[in-house]
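Coordinate analysis (summary)
So you can see what is in the structure, the chains are spelled out below.
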Amino acid sequence: MNRDELRRQSAAIVGDTVICPTCGDESVNTTITQEQFSYGEGSNAVKLVAKVPLRTCSKCGFKFLDSDAEDAKHEAICRHLGVMTPREVQSLREACGLSRTEFARLTRLGEATIGRWERGALIQNAAYDQLLHLLSFPENLRRLREREAASVAAVTRASHEATESRFRALTGEHLEMRKRQQRRFRLFRGEAA
Ligand SMILES: [Zn+2]
């Protein structure tokens, strides 16, 4: 691959059509090529290889890489780190039959965070990746659903009991007791003044 010819373009894909950023022509051919790149810094830096789509304009001959190449490199980094790729995270959520909002509520992850993982804007750390992995087993998803249902029931029960106890406090001897307490309180304030 001639490095001088190669340019990176982020906006070359419109819909499914690849457009040449130099001449604007749509007759762009794609070949898969291996690209080596470094990941990490200092002594932690490693060389990774990704299979990226190289675009060649058949009209003007311009060669370029676009966001699909970036996605391929992002996937190579995820493989290197041993975590799920953005596509895998999205597939997992969809296999659970959940929207991002529903998935966020069930897992208590941030909805925006899930979006970033799925778009490849952020890589989930190893611990979050373990959680995602566990959710690929339906029984674990079921456990979270049960926990959520129990938590909703507990909140409803607590709110119901609070309403009942307020009601009880205002009836019969509770009301009488409260009046006595209020009188004592006023008396105490009077003495203190
Ligand atoms: Zn062109």
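Quick caveat, the model's predicted, so the values are computed rather than measured. (Residues numbered from 1 in each chain as written. Predicted model: local features only at pLDDT ≥ 70, side-chain atom pairs only at ≥ 80, totals over all residues.)

For the protein, the count of helices and strands is seven helices and six strands. Across the 193 residues of the protein, 16% fall into the buried class. Taking the contacts inside the protein whose residues are at least 6 apart along the sequence as the reference set, 56% of them involve residues at least 24 apart. (Helix = DSSP H or I, 4+ residues; strand = E, 2+ residues; numbered from the N terminus. Buried ≥ 20, exposed ≤ 12 C-beta atoms within 10 Å, placed from the backbone. Contact = placed C-beta atoms within 7 Å.)

The next point concerns the packing of helix α2 (residues 86-95) against helix α4 (residues 111-119). Each pair of packed helices can be described by the angle between their axes along with the distance between the axes. Running from N to C, α2 and α4 cross one another at 130°; their axes reach a closest spacing of 6 Å. Comparing the axis directions of α2 and α4 gives the class oblique. Packed against α2, whose contacting residues are P86, V89 and Q90, the element α4 presents W117, E118 and R119 at the interface. Split into classes, the residues belonging to the contact of α2 with α4 amount to three nonpolar, one polar and two charged. (Axes fitted to C-alpha atoms, helices over the stretch in contact; angles between N-to-C directions. Parallel < 35°, antiparallel > 145°, perpendicular 65-115°, else oblique. Nonpolar A, V, L, I, M, F, W, Y, C, P; charged D, E, K, R; others polar.)

The next subject is the packing of helix α3 (residues 100-107) against α4. Axis separation between α3 and α4 bottoms out at 9 Å; the angle between their running directions is 120°. Note on packing geometry: the crossing formed by α3 with α4 is right-handed. Contact residues: α3 offers R100, T101, F103 and A104, while α4 offers E111, I114 and G115. (Left-handed = near helix turned anticlockwise from the far one by under 90°.)

Here we take up the nonpolar core. Residues C78, V83, M84, V89, F103, I114, W117, L132, L135 and L141 constitute the largest nonpolar core, which totals 10 residues. If sequence neighbours within four positions are ignored, V83 has contacts with C78, I123, Q124, A126 and D129. Counting five residues, the second-largest nonpolar core is a separate cluster that includes V18, I19, C20 and C57. (Core = buried A, V, L, I, M, F, W, Y, C linked by C-beta atoms within 7 Å.)

Position of A104 among the secondary structure elements: in helix α3. On the neighbour-count criterion, A104 (18 C-beta atoms within 10 Å) is partly exposed. If sequence neighbours within four positions are ignored, A104 has contacts with L109, G110, E111 and I114.

Okay, the pairing of strand β5 (residues 46-57) next. Relative to β5, strand β4 (residues 28-39) runs antiparallel, the two sharing 12 bridges. Looking at β5, one finds that V28 is bridged to C57. In this structure, the hairpin formed by β4 and β5 is closed by a connection of six residues, where G40 is found at a positive phi of approximately 95°. As defined by bridge partners, β5 adjoins strand β6 (residues 63-65) across two bridges and the pair is classed as antiparallel. Along β6, the bridge assignment pairs R55 with F64. Counting the residues between successive antiparallel strands, the hairpin from β5 to β6 contains five residues, one of them, G61, with a positive phi of roughly 80°. (Pairing = 2+ DSSP bridges.)

With that settled, the discussion passes to the confidence of the model for the protein. Chain-level pLDDT for the protein is 87 on average; 81% of the residues reach the 70-or-more range. Note that pLDDT drops below 50 for residues 1-5; the model gives that stretch four contacts with residues more than four away or on any other chain. (pLDDT = per-residue confidence, 0-100.)

Moving on, we get to unusual backbone geometry. Of note in the backbone geometry, R108 takes a positive phi value of approximately 65° without being a glycine. In this fold, R108 is placed in the loop between α3 and α4. Its 9 C-beta neighbours within 10 Å are what place R108 among the exposed residues.

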